[in-house]
Amino acid sequence: MSRLRMPEADRTVLERREAIVAALRAIVPGEGVIAGEREMRPYESDGLTAYRQLPMVVVLPDTTEQVSRVLRYCHENRIRVVPRGAGTSLSGGALPLADGVLLGMGKFNRIREIDLANRVVVAEPGVTNLAITRAVEDAGFYYAPDPSSQIACTIGGNVAENSGGVHCLKYGLTTNNVLGCELVLMTGEVVRLGGKHLDSGGYDLLGVVTGSEGLLGVVTEVTVRILRKPETARAVLVGFPSSEDAGACVARIIGAGIIPAGMEMMDRPAIQAAEDFVHAGYPLDVEALLIVELDGPRAEVDHLIERVSEIARACGATTLKASTSEEERLLFWAGRKAAFPAVGRISPDYYCMDGTIPRARLPQVLARMREMQQTYGLRVANVFHAGDGNLHPLILYDANNPGELERAEAFGAEILKLCVEVGGVLTGEHGVGVEKRDLMPAMFDEADLAHQQRLKCAFDAEGLLNPGKVFPTLHRCAELGRMHVRGGRIAFPDIPRF
Amino acid sequence: MADAIKPREATEVREAVEAAIAEGKTLEVVGQGSKRAIGRAAQWDLTLDLSGLSGVTLYEPEELVLSARAGTPLAEIEALMAEHRQQLAFEPIDYGPIFGAAAGRGTLGGVLAANLSGPRRLVAGAARDHFLGFSAVSGRGERFKAGGRVVKNVTGYDLAKLAAGSWGTLAVLTDVTVKVLPRPETEESLLLFGLDDRAAIAALSRAMGSTGEVSGAAHLPAAAAAKTVVASLAGGRAVTALRLEGVPPSILHRRNVLQSLLKPCGELAVLPEEASRTLWRSIRDVTPFAAAVTGLERPLWRISTAPVQGPEIAARIAAGTDVSILYDWAGGLLWALLPPSDDAGAGLVRAAVAACGGHATLIRAPASARATVSVFEPPDPVAAMLTKRIKQNFDPQGVLNPGRMYAGV
Ligand SMILES: Cc1cc2nc3c(=O)[nH]c(=O)nc-3n(C[C@H](O)[C@H](O)[C@H](O)COP(=O)(O)OP(=O)(O)OC[C@H]3O[C@@H](n4cnc5c(N)ncnc54)[C@H](O)[C@@H]3O)c2cc1C
């Protein structure tokens, strides 16, 4: 494991391991508790494979009651807990702790209700993202957020990470599509947030649980809204001689009042890798490639494809192709969707970054990244959710070369700091986890982080749920609660009174 | 009226909160005061008037973002966005008519703190879904920021969601950033006549499940319909309305889709652009139940529920009293106008919501009622505990709008 510092293991917990395992077996019978080293191996890391750690024990509950009892037991015995869905997190959110229980939610894999009249699905958290769409597609519906990992990742993990997908510019992230959940707190208390209705009658607790990376509670049920599948979709493939031109084109499309269903950009190395892999017919003589997808009624899509094409030509497009069949549209996407594995073919390892920038700063950010490639001696391929400024630079490296992983990580950190410097953020959809934890101060000062932790303190005052993630230092809640009142001040010295 | 403090800078907001903490005073946090009559009737020592924190600080139409100081008038922001054919897609309600006050008031900070929305909530979300980031002063007298100025961001907890709908009880927003979106090129509405509540909601549900891409779905029973721009078309009947927005070829196509889908439901009419805008503004601002129409004494409830439960909730309330309803969000939002009573109908409304799911807020009622019944939906015990702890952690001395949402919060 490279330099990552995790909370020190609690020896008094590890010494009680046998008794703890026995107590957990009493709550979750049979194969629901895994304590053998070999059997725990599959859980030692998530999608951020550079970090590995065997947990103290793995528990796989399958009822809310069991989750509640496990958490209550762990709370009473001061045992840390790490929730896990499918383990596809790219930020190490599900990385186990040596003295912690890894709480796998995979057995919560049933869809509880399909309610077409209210256009919602109620699912257990271990149901995969794609399975929700599969369950309703015959009726003409789908679940809109579509992370590329959708065959594998779970809806519980999506809620925890507030995941996005290529269609979130038009249809929103997970948070805009979740209506309710059942949540078990670290104390074992169970609470229902939201439901089949919209918004909250009080504080928006559902809104803060979404994207909280498993630090506030364990999600045991999720209610999502489903949408009618658009009548049709078409994509245009546009090549540009420079990323500046492509960026300007994206701005002009949005400026013209068009919000495409998806708008993706790739740079030359990404185009090359994808084309070699998938043969999608991408032009190889361009510096930037845009895929713009429009969906909706045929008449609207055809109308907007024309307008997008006009704008693209005016922006200096050198190639332009609009899909004329569903087959061709899928082919255009095949290259983009395979961009990660395609890059995996040209490099033994790659490291996927996830910053967001104000789109207008793209040329500047790309230029700085080119300079950094020289400094670090590593190459980068860029795929970009261009509509919303979410950049995925893939840093190519070879972990077998001593020092290269560390260089890739340092390079990645510098890219993310650059994103913040130009007005952007550290992560657009993959989460902070352990990966970006220590970079949080680049974006937030101490007061900012303290206020975030005050929310954490309301849900999990002892910091037992997924510690070591998101926050560079977890302050004790008592310390955060202290007030520093500046006594003896004159009230409102310079403020006009009326 | 309490003494007012009117800061001009975020640092002055901090000083005001610090001083209130030191002096053990409470603050009423207001923008232009357009929603002042909403919430529990509580008393505060001083008014913190944020209307002096005004001005758009960043607007990049092509990046879909706008930042402004929290006290910036909404009207100013809407005018600026209109120049670029953009809008706040969540269509915030203007509470002026309901309270018999001037229309067009309110600040961007207030819109967000109250998590306003309108008919388009159904497809485009509420204020919460467009609130990207903020700077604020918490009840601890500390300045902090959250979120960012880009439309896609999962860095740290989504405190903008917490601030949205917290009614100024946790922190005083000083600077806010929102997502803005293009305005649809044009719109029209399809109307159905004479349906009863259940048939209307069933028709709306079919429409929402179709490829018609409806961006507004409301049902106005006869009494409500008679007080809108479609009164003469309705001729004393109920009106069920579906809004179509977008580019003309798309609207034409979707109109056909919906017409063939809804033909079995009864007589259909098309309402052209201008009248359609007028109608949806009335629905957004609930003008059939405006103070000018009903007086200020009749309690008005806002109920959010699962769409098909809408008529059931209405029926349960109607079994106990004489209620008028206006349905929005395909049946998921009910505006319920009740006769005056000591508890403003809270017993009936809350029992109906408890049976059917959802939440109810007492939007308009005399202060005496708002002092005795809970205005916001009472949270279950665990949610109530979380609510109290969050308040305690952000505002330990209860300086900011204490008691506005719940006693002790
Ligand atoms: C090839 C690939 C492509 C990807 N593409 C995208 C993409 O396009 N967009 C995107 O946003 N992400 C993407 N991801 C990232 C990842 O798939 C998402 O973050 C996903 O939501 C994680 O879901 P999971 O079930 O695997 O969760 P895990 O990885 O198991 O866990 C993620 C986090 O959620 C917590 N958690 C999991 N379940 C629960 C629960 N029930 N209750 C409370 N906390 C819980 C964990 O503690 C952890 O912090 C991609 C990943 C891969 C490997």
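None of these values were measured; they are calculated from a predicted model.

A.B. asks: Which residues make up the overall build of chain B, and what values do they have?
C.D. replies: A tally of helices and strands in chain B yields 15 helices and 18 strands. Taking 2.2 N^0.38 as the reference for a compact globule, 409 residues should give roughly 22 Å; the C-alpha atoms of chain B span a radius of gyration of 21 Å, in line with that estimate. Taken along the three principal axes of its C-alpha coordinates, chain B extends 65 × 50 × 35 Å. Taking all 409 residues of chain B together, the buried fraction comes to 62%. Look at the contacts in chain B between residues 6 or more apart in sequence, and 73% of them connect residues 24 or more apart.

A.B. asks: How would you summarise the site of the ligand if you had to cite specific residues and measurements?
C.D. replies: Residue and element names in this part refer to chain A. Around the ligand there are 36 residues in total, and Gly85, Gly93, Gly156, Gly157 and Gly214 lie nearest to it. A total of 5 residues in the shell around the ligand trace back to one element, the largest contributor, which is helix H6 (residues 155–161). In the shell around the ligand, the residues fall into 13 nonpolar, 18 polar and 5 charged.

A.B. asks: Lay out the interface of chain B and chain A in plain terms, naming residues and giving numbers.
C.D. replies: If you look at the interface, chain B gives 89 residues, while chain A gives 84 residues. Tallied by class, residues from the side of chain B that touches chain A come to 38 nonpolar, 25 polar and 26 charged.

A.B. asks: Got a sec to walk through the pairing of strand S17 (residues 380–385) of chain A? Specific residues and values, please.
C.D. replies: All names here are of chain A. For S17, the tally of buried residues reaches 6 of 6 residues, placing the bulk of the element in the interior. Here S17 runs beside strand S18 (residues 390–397); their pairing, made up of 6 bridges, is antiparallel. The partner of Phe384 across the bridge, within S18, is Leu391.

A.B. asks: Any details on the nonpolar core? Residues and values, ideally.
C.D. replies: The biggest cluster of nonpolar side chains holds 292 residues, and the ones touching the most others in it are A:Cys249, A:Leu290, A:Ile395, B:Ala163 and B:Ala336. With 7 residues, the single largest contributor to this core is helix H9 (residues 243–255) of chain A. In this view, A:Ile395 contacts A:Tyr350, A:Tyr351, A:Met353, A:Leu378, A:Val380, A:Ala408, A:Phe411 and A:Gly412; residues no more than four positions away in its chain are not counted.

A.B. asks: I'd like to hear about the domain arrangement of chain B, residue by residue, with values.
C.D. replies: All names here are of chain B. Domain assignment breaks chain B into domain 1 (49–182), domain 2 (186–285) and domain 3 (288–381). One C-alpha centre belongs to domain 1, the other to domain 2, and the line joining them spans 29 Å. Listed by partner, the interface residues are 9 residues for domain 1 and 9 residues for domain 2. Residue classes in the side of domain 1 that touches domain 2 are distributed as 5 nonpolar, 1 polar and 3 charged.

A.B. asks: A description of unusual backbone geometry should follow, citing residues and the corresponding values.
C.D. replies: Positive phi, normally seen in glycine, also occurs at A:Arg78, with a value near 55 degrees. Mapped onto the fold, A:Arg78 is located in the loop between helix H4 (64–76) and strand S3 (80–84).

A.B. asks: Hey, could you go over the sheet that holds strand S13 (residues 262–267) of chain A for me, with residue numbers and the actual values?
C.D. replies: Residue and element names in this part refer to chain A. Pairing within the open sheet is antiparallel, and its 7 strands lie in the order S15-S12-S14-S13-S17-S18-S16. Of all strands in the sheet, those with a lone pairing partner are strand S15 (319–322) and strand S16 (349–352), marking the two edges. Averaged over neighbouring strand pairs, the angle between their axes works out to 15 degrees when direction is ignored. In this structure, strand S12 (residues 232–240) lies alongside strand S14 (residues 288–296), joined through 9 bridges in antiparallel fashion. Residue pairing for S14: Ala235 is matched across the bridge by Glu293. On the sheet, helix H12 (residues 326–337) packs against S12, S13, S14 and S17 and is oriented at approximately 55 degrees with respect to S12.

A.B. asks: Which residues make up the environment of B:Arg281, and what are the values?
C.D. replies: By secondary structure assignment, the location of B:Arg281 is in helix H10 (residues 273–285). In the structure, B:Arg281 is positioned 188 residues away from B:Ile93 in sequence and 8.5 Å away in space, judged by C-alpha atoms.

A.B. asks: How would you sum up helix H2 (residues 74–83) of chain B? Please name residues and give values.
C.D. replies: All names here are of chain B. The complete set of buried residues in H2 reads Leu74, Ile77 and Met81. An end-on view of H2 places all buried positions within 65 degrees of arc, on one side of the element. Of the exposed residues in H2, those oriented more than 90 degrees away from the buried face are Ala79, Ala82 and Glu83. Downstream of H2 by a residue or two, Arg85 has a phi angle that is positive, lying close to 50 degrees.

A.B. asks: Could you give an account of the packing of helix H6 (residues 197–208) of chain B against helix H9 (residues 248–262) of chain B, naming the residues involved and the relevant values?
C.D. replies: All names here are of chain B. Where H6 contacts H9, the two axes come as close as 10 Å, and the packing angle between them is 140 degrees. Classified by the interaxial angle, the pair formed by H6 and H9 is oblique. Here H6 and H9 pass one another in a crossing that is right-handed. Of H9, the residues touching H6 (which contributes Ala203, Arg206 and Ala207) are Leu258, Leu261 and Leu262. Classifying every residue of the contact of H6 with H9 gives 5 nonpolar, no polar and 1 charged.

A.B. asks: Break down H4(A) for me, citing the residues and quoting the values.
C.D. replies: In an α-helix, one full turn covers 3.6 residues, which means residues spaced three or four apart are oriented alike. Residue and element names in this part refer to chain A. In a regular helix each residue adds 1.5 Å, so 13 residues correspond to 18 Å; H4 covers 18 Å between its end C-alpha atoms and thus fits that length. All of the buried residues along H4 are Gln66, Val67, Ser68, Val70, Leu71 and Cys74. Arg78 sits one or two residues past H4 and shows a positive phi near 55 degrees.

About the thresholds
- Residues numbered from 1 in each chain as written.
- Chains lettered and ligands numbered in written order.
- Predicted model: local features only at pLDDT ≥ 70, side-chain atom pairs only at ≥ 80, totals over all residues.
- Helix = DSSP H or I, 4+ residues; strand = E, 2+ residues; numbered from the N terminus.
- Rg over C-alpha atoms; globule rule 2.2 N^0.38 Å.
- Buried ≥ 20, exposed ≤ 12 C-beta atoms within 10 Å, placed from the backbone.
- Contact = placed C-beta atoms within 7 Å.
- Near = placed C-beta within 6 Å.
- Nonpolar A, V, L, I, M, F, W, Y, C, P; charged D, E, K, R; others polar.
- Pairing = 2+ DSSP bridges.
- Core = buried A, V, L, I, M, F, W, Y, C linked by C-beta atoms within 7 Å.
- Domains from an automatic or database assignment.
- Axes fitted to C-alpha atoms, helices over the stretch in contact; angles between N-to-C directions.
- Arc of directions from axis to C-beta.
- Parallel < 35°, antiparallel > 145°, perpendicular 65-115°, else oblique.
- Left-handed = near helix turned anticlockwise from the far one by under 90°.
- Expected span 1.5 Å × (residues − 1).

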